[in-house]
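Read off the chains here:
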There are 2 protein chains.
Amino acid sequence: MQELRHFFETYRKQHPITGQPVGLYEPAEYIMNLGGKRFRPMLTFLGYQLFKDDLEKVLPIAYALEIFHNFSLVHDDIMDDADIRRGAATVHTKWDVNTGILSGDLMLVKSYEYLAEFEEEDKIPQLLRVFSRVAREVCEGQQMDVDFESREDVQIEEYIRMIALKTSVLLATCLEMGAIAAGADEASVKHCYEVGCNIGIAFQLQDDILDTFGEGQKVGKRIGGDIIQNKKTFLILKALELGSAAQKAELEQLMNSPTTDADAKVKAVKSILNELDILQHAQEKKDHYRALAFEHLEALAAPAAKKAPLKAIMENLVKRDS
Amino acid sequence: MQELRHFFETYRKQHPITGQPVGLYEPAEYIMNLGGKRFRPMLTFLGYQLFKDDLEKVLPIAYALEIFHNFSLVHDDIMDDADIRRGAATVHTKWDVNTGILSGDLMLVKSYEYLAEFEEEDKIPQLLRVFSRVAREVCEGQQMDVDFESREDVQIEEYIRMIALKTSVLLATCLEMGAIAAGADEASVKHCYEVGCNIGIAFQLQDDILDTFGEGQKVGKRIGGDIIQNKKTFLILKALELGSAAQKAELEQLMNSPTTDADAKVKAVKSILNELDILQHAQEKKDHYRALAFEHLEALAAPAAKKAPLKAIMENLVKRDS
């Protein structure tokens, strides 16, 4: 993986997002240079190498997907009023909102420009359709997330759909586009998509679990952040579904009042979650999607040796006991 | 033309921008329904019908270009803090800035989705490249426009480049994509592009002229609006280039002080412009680009009868004496 990441970074540095006027391009290159795990390019490579070895051919697509991801971060950070991204100032904080909007737009266009650079022209129409579908879905997921903030009646199925649209479908599409680029058969392309989508949902559920039930040091962030921010995570929604009238009322009251004592609030919410065995419910849900992901990995038509790197990533991403 | 517009509107109404969540799609369909001249689809049709007659095939491309244009309006209106568009509230005024950003993003993606619907798949890669190029250039033009507001040293050539990027290249690309879709030869495609680009610049220069020297009733808006807003139009930039030190100083002083008496300001600025024969310079510049546009129309390989509708539009758009 270290090698693949280096392979990607070398290409990226050879193809910086530069041009005139610099006020438009500089913020785009700034966010791209803030780092990140490059997880989307990695998945694109892993989808491709299931079926073909000449990874340099899929580089423009991997880059397109990483640029797209960073575009969505720039615009989401404006909408979420976030100051910090990857430990540095967000684009609209370092420059201003207008710059964030316009440089973000440029990045979305640049992602399509790199997509159009894929050598096998006959595959471009399908890649274009798949890429545009996921770009649209990511917008839909962001809007659902915004809508949920002011809604009191969010259902678990809607929540799963929202996290799928907001993050999993892009991971799924990275694997899918890698497979399409490599000329995989239709069924395998579909399996690749399902691997990414299900592992993404499992990862997101694990994220919800760790934020509330993780060990601070391991997780690397303050435990209970979601609770303090009144986020309607899977845990909260499940508790609202299963709780007695009294438990629901207490939970809603906790979430609707301003946080004065954060530790006390986290403790009170966790106590309700524990009464209802929410951790176990969440882990079962996570394991359900995790298992689906591995079933689709099993089903796709590639040699076990080729599947090994992807399998290792998946296992690392969603550990059964965390 | 009336017929072509109806043809386009019928298709558009059959393909509204709808989906879930409605909070994302409604603003997009709202701006599309505010009307507008549909000038970009018209040019796409005109570029196509120079070479082929089955106009229904180019409809998705015409629609993609109109959606793209409206996307750019939604985001530009946020950046320009504009409240009114086509006589109605702008998207970010009717909803909010975040909605404007996200629905705008959706529209950019939808424009690519319609592009991908063109039937002749082998032409899609080229169409994708041309479309992405113009989308990028429109972002560049908007950034130049923003930069110019705070710059005191804008050169005429830069101004022409800015208006070209901000509006002309999109008109040019409409004709170009129509021609590509119709399978025109490479030279004719290039001529189509040049027709649109040059007529667009001529139109923009005419717009500058009319705003200051037009007759209010004919133009349909208040004369002198650009002067009151201290816009660095061709007229002002040319006066700064040709004026004596005293004239330049007076002009800069007028533009840098708050407008207390609008009529007096317009009169004072126009007096300097008249001293320097700026109207004649502007008309010569406009005629230069106008002539270039007609030369390229002449040069492209299509029968005169096929060129007639485009020629009529061009003549109407940029009248020699206005």
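Computed from a predicted model, the values in this text were never measured in an experiment.

1. A few points about the relation of the copies chain A and chain B
The transformation that overlays chain A on chain B combines an axial shift of 0.0 Å with a rotation of 180°, and the residual RMSD is 0.0 Å. Taken together, the rotation and translation relating the two chain copies correspond to the operation of a two-fold axis. A symmetric contact is evident, with 100% of the interface residues of chain A recurring at the interface of chain B.

2. Considering the confidence of the model for chain A
Looking at chain A as a whole, the pLDDT averages 95, with 97% of positions reaching at least 70. For this predicted complex, the interface confidence comes out at an ipTM of 0.95, alongside a pTM of 0.95.

3. Observations concerning the nonpolar core
Grouped together as the largest cluster of nonpolar side chains are 227 residues, with contacts concentrated most on Tyr 112 of chain A together with Tyr 112 of chain B. Aside from chain neighbours lying at most four places away, what touches Tyr 112 of chain A is Leu 128, Phe 131, Ser 132 and Ala 135 of chain A together with Val 109, Tyr 112, Leu 128 and Ser 132 of chain B.

4. Describing the interface of chain A and chain B
Counting residues at the interface gives 35 residues for chain A and 35 residues for chain B. Overall, the association of chain A and chain B removes approximately 3,400 Å² of surface from exposure, summing both partners, and the carbon and sulfur fraction of that is 69%. Remark: the boundary between chain A and chain B carries four salt bridges. A salt bridge links Glu 113 of chain B to Arg 136 of chain A; the nearest nitrogen and oxygen atoms lie 2.8 Å apart. The interface formed by chain A and chain B includes twelve residue pairs in polar contact (both at pLDDT 80 or more). Counting only elements with at least two residues in the side of chain A that touches chain B, the list comes to helix H2 (22-32), helix H4 (59-79), helix H6 (97-115) and helix H7 (124-149) of chain A. Sorting elements by how many residues they give to the side of chain A that touches chain B places H7 of chain A first, with 14 residues.

5. What about the environment of Val 189 of chain B?
Residues and elements named next belong to chain B. If you trace the backbone, Val 189 turns up in helix H9 (residues 186-213). Among the residues examined, Val 189 registers a relative accessible area of 9% and is labelled buried. Spatially, the C-alpha atom of Val 189 lies 8.7 Å from that of Gly 178, the residues being eleven residues apart in sequence. Not counting residues up to four positions away in its chain, the partners in contact with Val 189 are Glu 176, Ala 179, Ile 180 and Ala 184.

6. What to know about the packing of helix H1 (residues 2-14) of chain A against helix H3 (residues 39-49) of chain A
Helices that pack against each other are described as a pair by the angle of their axes relative to one another and the distance between those axes. Residue and element names in this part refer to chain A. For the pair H1 and H3, interaxial distance at closest approach is 10 Å and the crossing angle is 110°. The angle between the axes of H1 and H3 places the two elements in the roughly perpendicular class. Within the contact between the two elements, H1 uses Leu 4, Arg 5, Phe 7 and Phe 8 and H3 uses Pro 41, Met 42, Phe 45 and Leu 46. Residues belonging to the contact of H1 with H3 are distributed by class as follows: seven nonpolar, no polar and one charged.

7. Topic: helix H16 (residues 304-317) of chain A
Residue and element names in this part refer to chain A. The end-to-end C-alpha distance of H16 is 19 Å, a good match for the 20 Å that 14 residues give at a rise of 1.5 Å each. The principal kink in H16, of about 30°, is found at Leu 310. For H16, the complete set of buried residues consists of Lys 307, Leu 310, Ile 313, Met 314 and Leu 317. Where H16 is buried, its residues contact H3, helix H8 (156-181), helix H9 (186-213) and helix H15 (278-299).

8. Structural notes on unusual backbone geometry
Working note: non-glycine residues mostly have negative phi, and peptide bonds are mostly trans. Residue and element names in this part refer to chain A. A cis amide bond, omega -10°, links Gln 20 with the succeeding residue Pro 21. Relative to the helices and strands, Pro 21 is located in the loop between H1 and H2. Positioned with a positive phi, Asp 81 is a non-glycine residue whose angle comes to about 55°. Residue Asp 81 is classed as exposed on the basis of its relative accessible area, which comes to 60%.

9. What to know about the packing of aromatic side chains
Centre distance and the angle of the planes are the two values used to describe a pair of aromatic rings. All names here are of chain A. Counted under the stated rule, the structure contains 17 aromatic pairs over all chains. An angle of 55° between the planes, with centres 5.5 Å apart, marks the rings of Phe 7 and Phe 45 as tilted. Taken as a pair, Phe 7 in helix H1 and Phe 45 in helix H3 lie far apart in primary sequence, 38 residues in all. Phe 45 gets classed as buried once you look at its relative accessible area, which sits at 0%.

The rules behind the values
- Within every chain, residues take consecutive numbers counted from 1 along the sequence as written.
- Chain A is the first chain written and ligand 1 is the first ligand written, with later ones labelled in order.
- Given that the model is predicted, a residue must reach a pLDDT of at least 70 before its local features are reported, and side-chain atom pairs must reach 80 or more before they are shown or counted; all residues, however, enter totals for whole chains, interfaces and linings.
- Just so you know, side-chain values use all the structure's heavy atoms and leave hydrogens and water out.
- To line up the copies, we fit them by least squares on C-alpha atoms, keeping just the residues with pLDDT of at least 70 in both.
- Contacts: residue pairs with any heavy atoms within 4.5 Å of one another.
- Across the chain, each position has a pLDDT score giving the predictor's confidence in that residue, from 0 to 100.
- Think of a nonpolar core as a cluster: buried Ala, Val, Leu, Ile, Met, Phe, Trp, Tyr and Cys residues, connected wherever their side-chain atoms sit within 4.5 Å.
- Each residue is placed in one exposure class: buried if its accessible area under a 1.4 Å probe, protein chains only, is under 20% of its type's maximum, exposed if it is over 50%, and partly exposed if it falls in between.
- The term buried area denotes the loss of accessible surface (1.4 Å probe radius) that occurs when two parts are joined, taken as the sum for both partners.
- Whenever Lys or Arg places a side-chain nitrogen within 4 Å of a carboxyl oxygen from Asp or Glu, that contact is recorded as a salt bridge.
- Polar contact is the term for a pair of N or O atoms within 3.5 Å; when the atoms are in protein, one must be able to donate a hydrogen and the other to accept it, and sequence-neighboring residues count only if both atoms are side-chain atoms.
- Numbering of helices and strands runs from the N terminus; a helix is a DSSP stretch of H or I covering at least four residues, while a strand is a stretch of E covering at least two.
- Between N-to-C directions, angles cover 0 to 180 degrees, with each direction set by a line fitted to C-alpha atoms, over the stretch in contact for helices.
- Here the angle decides the label: under 35 degrees means roughly parallel, over 145 means roughly antiparallel, 65 to 115 means roughly perpendicular, and every other value means oblique.
- Gly counts as polar in this scheme, as do all residues outside two lists: the nonpolar Ala, Val, Leu, Ile, Met, Phe, Trp, Tyr, Cys and Pro, and the charged Asp, Glu, Lys and Arg.
- Here the expected span of a helix is defined as 1.5 Å times the quantity of residues minus one.
- One axis is fitted to the seven residues ending at the residue and one to the seven starting there. The bend at that residue is the angle between these axes.
- Whether two aromatic rings pair depends on their centres lying within 6.5 Å, for rings of Phe, Tyr and Trp, where Trp uses its six-membered ring; planes under 30 degrees apart make the pair stacked, over 60 edge-to-face, and the rest tilted.

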